[in-house]
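A structural walkthrough
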Amino acid sequence: MFLTCMETVTKELVSWMRGHESSVFSISVHASGRYAITTSSDTAQLWDLDTFQRKRKLNILQSVGIQKVFFLPLSNTILSCFKDNSIFAWECDTLSCKYQLPAPPESSSVLYKVFAVTRDGRILAAGGKSNHLHLWCLEAKQLFRIIQMPTKVRAIRHLEFLPDSFDAGSNQVLGVLSQDGIMRFVNIQTCKLLFEIGSLDEGISSSVISPHGRYIASIMENGSLNIYSVQALTQEINKPPPPLVKVIEDLPKSKLNSGGLKMKVTSGRVQRPAKSRENKIQARILKQDLTGNFENKENEVSDGLNKKRLQILLKGYGEYPTKYRMFIWRSLLQLPENHTAFSSLVDKGVHVAFLNLQKKYPIKSRKLLRVLQRTLSALAHWSAIFSDTPYLPLLAFPFVKLFQNNQLICFEVVATLIINWCQHWFEYFPNPPINILSMIENVLAFHDRELLQHFIDHDITSQLYAWPLLETVFSEVLTREEWLKLFDNIFSNHPSFLLMTVVAYNTCSRAPLLNCSLRDDFEYFFHHRNNLDISVVIREVYHLMDTTPTDIHPNGKLDAFVALTKGQYPVFNQYPKFIVDYQTQERERIRNDELDFLRERQMVEDMQAEVDQQRVEDEAWYQKQELLRKAEETRREMLLQEEEKMVQQRQRLASVKRELRAKEMHLQDATRRRFLKLQQDQHEMELRRLNDEIERKVHMRDQEIATTAKDLEMRHLELESQKRLYEKNLIRNQEAVAKEMREDADTYRRKVDLEEHMFHKLIEAGQTQNQKTQKLIEENLAEAEQACLNADWRIQALHKQRCDDLQRNACYQEVAKLLRENRRKETEVLNAMVGEGAKKWEEAKEKDFHLKSEKKASALSDASRKWFLEKELDDALEHAEHPYNTVPRCQSGQAASGYVPRTSQLKDSSEVDSSTHISLNRRRVQWDTMEQDLMERVRNLRQRLTAQARNRCRTPHLLAT
């Protein structure tokens, strides 16, 4: 959320201020116009309107909301009201807490929603969702009255005091807008209902009262805008009606108790009970206090300030406090704040005499220039002489800079200064005030004749040493702080104090002035700042005021202070009217002559411009007509040529169309015949192709069937031969095995059979049609393992078992990998298994003496191989069930029932006796021979299986059959 500051006259955007996060519902501006407070539901922020920057921010807890934060009138106090009924007063400059109002009594507890303050800032009215209205005395910081509205009033939506020009800011009439849309005006002292506006049928949504209390503007609930005249509303009341409000508690300002003044509502009039002795004593004390306050009534100024006391304070401290200076000045000058009269002057716009003010006085700040131009225009509209006064901008500029945020106060301060401290300045207009300068010269001659003689000797008149100080009101020779300090004393004394200040400034600067001899040096001295203590000058002024004789004292020739009148500003005609009128008439005549001359010159220039324009237009028209004529002739010739060309083209086009029509007929006939022939050829070719395909497929089928039958017969014969050879060798080997080794061999054979059974399941899940071939390979592997057992006996057997486990594990992994890649490549898997079986015989010879070191590794290998076989078996079964879903699943923890780890079946090598070693050496020779035969058979089997796999890949449907 951000705020925008607009110029009311030009309607231009001056600045925008950002800082609120929620919507702003209240804006309060300080009386000086320098500061502003914006309030939202979560924070209140203090802004400096000179720089449009945020000065301070009030943060609160989320549980405690803000109701309203605003400035008290005619003071530097900020009042903050929160939703928990707490009210705090803060100092504007330091933001220190001045006081907090106490909590209201429990008998009349109201959650405050709306607030209103009298113009003098002494009484605070607060209300909310109740018909009770609380009145606080901010001076005593106590609740002094509770007013109960009629019973039909359940909530108060808006409060506003009705201003009065004769109550000195202590407003007595309070407007109360309730929930029923009726605004009732009540006298807070007599508690009588004076009048009301609005009705139940036409309720008021919101209302505001004009600054002077003459009109009331209300926005009705139906959207209309009603303006009421307060004078007409009060005149209609011929007889006051019976009171409709009653005072519940009227509490003394000294303390809050339940035994205060009670008032009851009766028919006809209000009865007042007898006052207690305590109340009589309080009334008597108040009377004595009032008597003391009005003892020196002639020294009283507005807002209750005593001029004598202010002068004593000023003499003691030399200046007024900075934060109260503007308030004291307004009180000393008794400014009426005539908003209506000032608005009428401002509404007349910028005076013609100050339209080009920026050319003569180039001010950097546009805002300051605009305020100066508006103030000077208002002065010129107030009195005609100010439009011709050349030094008026110099006179008003320091006050404009000081009060630039409150133009009404600025105008009235300058007007009060002109009426009182600029008396008789305009009697010799347009010349400087000779009479005033003569007064200054007489006083200077009395107090410092030597300095005056020095001025006379160098031809320096009072127009050089006095008038520059007066027309600029010392703003050129003093700093801001010195100037403010000086005018604290000027506004607190007789108007002759300003003239005495000029004399004191010269006498206090006599040493540098006596050293000056050139006129330029004197002019520079009185137009620039000098090294002079303003406090010394002010003390000298007071000395001159007291020691100057009466016959030459300006006090006797100048009138006493006269404030501006309320309502309308006084007429200012203290100037030679005939001179001003003559100058005005001459200026107006010159302006009119100049306007006539400019008008005639503009007329001649316009006529000349029209003649030149007409001549140019005529020449252009003639040229255009000539060009059009030539263009017309050219277009006609081109049109004739185009018509001839078009006739020729039409003839050629007709002949071409006839030729094309004949060609088109011939092409259509040829195309039709070609298309018929092409269809016939295609039909014949399709029939031949189908016959060839049928013959080829029949021949291939017969050839494949014959080949497959032969392969199956050969495979059956080979399997039978291998089976008989395997059985023969097995029986021969079993008879040669010693009885003591059968137990270990049988135990290992069972383990091998179990693993081979699991591996058979894995292979059978992928290719069920090759069970016999796989069985033959497994039998060869088992025969090799058995031969290894019989050849190596115990030590050799244990080592062979370990080697066989490692080789078989590698073989299984290789086979599983080949199955996952392409389970249909069975021939490659079988070749890998045969190759791995041949490697086992070679590795068995190399690892005869490593049995003890491999025992522990054997146990780990058993567990790993068990998990791997189970996993691959599950994958194969799943692939057999779902052939298109070949993603393997890892199912750990599944084990085949009956599996016994090999490490538990192995015996210690210490049990082997010496006879076993002898038999082992004898049988080793036999097993070498068997190994060579077996390797030869495996090579032959590998070749046959490879050829068979190739045939199967070419004719898968025949193999399946």
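Presented here is a report on the structure given in the accompanying data block.

About the thresholds
Residues numbered from 1 in each chain as written. Predicted model: local features only at pLDDT ≥ 70, side-chain atom pairs only at ≥ 80, totals over all residues. Heavy atoms only, no water. Helix = DSSP H or I, 4+ residues; strand = E, 2+ residues; numbered from the N terminus. Buried < 20%, exposed > 50% of the residue type's maximum accessible area, 1.4 Å probe, protein only. Contact = heavy atoms within 4.5 Å. Areas by Shrake-Rupley, 256 points an atom, 1.4 Å probe, with all protein chains shown as cover. Axes fitted to C-alpha atoms, helices over the stretch in contact; angles between N-to-C directions. Parallel < 35°, antiparallel > 145°, perpendicular 65-115°, else oblique. Left-handed = near helix turned anticlockwise from the far one by under 90°. Nonpolar A, V, L, I, M, F, W, Y, C, P; charged D, E, K, R; others polar. Patch = residues over 30% accessible without salt bridge, like charges linked within 9 Å, V, L, I, M, F, W, Y side chains within 5 Å. Salt bridge = Lys/Arg side-chain N within 4 Å of Asp/Glu carboxyl O. Pairing = 2+ DSSP bridges. Expected span 1.5 Å × (residues − 1).

Here we come to the overall build of the protein chain. The helix and strand inventory of the protein chain stands at 26 helices and 24 strands. Counting over 961 residues, the protein chain shows a buried share of 43%. Pairs at least 24 apart in sequence give 62% of the contacts found in the protein chain among residues at least 6 apart. Surface accessibility of the protein chain: about 55000 Å² in total, with carbon and sulfur atoms responsible for 53%.

Right, let's get into the packing of helix 7 (residues 366-382) against helix 8 (residues 392-402). Between helix 7 and helix 8, the least distance of the axes is 10 Å, while the angle of their chain directions is 125 degrees. The angle between helix 7 and helix 8 places the two elements in the oblique class. The two elements helix 7 and helix 8 meet at a crossing, and its hand is right-handed. In this structure, helix 7 contributes Leu368, Val371, Leu372, Thr375, Leu376 and Leu379 to the contact, and helix 8 contributes Leu392, Pro393, Ala396, Phe397, Val400 and Lys401. Looking at the contact of helix 7 with helix 8 residue by residue, the class counts come to 10 nonpolar, one polar and one charged.

Next up on the list: a nonpolar patch on the surface. A cluster of nonpolar side chains, namely Phe2, Met6, Leu13 and Trp16, defines an oily patch on the protein surface of about 440 Å² accessible area. Mapped by element, the contributors of at least two residues to the nonpolar patch are strand 1 (2-6) and strand 2 (13-18). You can see Trp16 is positioned in strand 2.

So, on to the sheet that holds strand 19 (residues 204-209). An order of 19-20-21 is seen for the three strands of this open sheet, with the pairing classed as antiparallel. Two strands lie at the open edges of the sheet, namely strand 19 and strand 21 (225-229), each paired on one side alone. Put simply, the sheet's adjacent strands are angled 20 degrees from each other on average, direction ignored. Here five bridges tie strand 20 (residues 215-220) to strand 21, and the two strands are oriented antiparallel to one another. Of the residues in strand 21, the one forming a bridge with Tyr215 is Ser229.

Among the structural elements, Ile440 can be located in helix 10 (residues 434-447). Overall, the relative accessible area of 2% leaves Ile440 in the buried class. Each C-alpha atom of the pair Ile440 and Val502 lies 7.4 Å from the other, and the pair is 62 residues apart in sequence. Contact partners of Ile440, with chain neighbours within four places excluded, come to Ala466, Leu470, Leu499, Val502 and Val503.

Looking now at helix 7. In this model helix 7 runs 24 Å from its N-terminal to its C-terminal C-alpha over 17 residues, within 8% of the 24 Å that 1.5 Å per residue would give. With 15 of 17 residues buried, helix 7 is to be regarded as a mostly interior element.

Attention now goes to the sheet that holds strand 18 (residues 193-197). Consider a sheet: its strands pair through backbone hydrogen bonds, and that pairing is either parallel or antiparallel. The antiparallel open sheet is built from four strands, whose spatial order is 15-16-17-18. Sheet topology places strand 15 (156-162) and strand 18 at the edges, where each strand pairs with a single neighbour. In this sheet, neighbouring strand axes are inclined to one another by 20 degrees on average, regardless of whether the strands run parallel or antiparallel. Sheet topology places strand 17 (residues 183-187) next to strand 18; four bridges connect them, and they run antiparallel.

This part is about unusual backbone geometry. A positive phi angle, near 70 degrees, is found at Asn85, a position not held by glycine. A residue is classified by how much of its surface remains accessible, and Asn85, at 12% relative accessible area, is buried. One non-glycine residue, Val473, lies in positive phi territory at about 45 degrees. Looking at the element boundaries, Val473 is found in the loop between helix 13 (467-471) and helix 14 (480-491).

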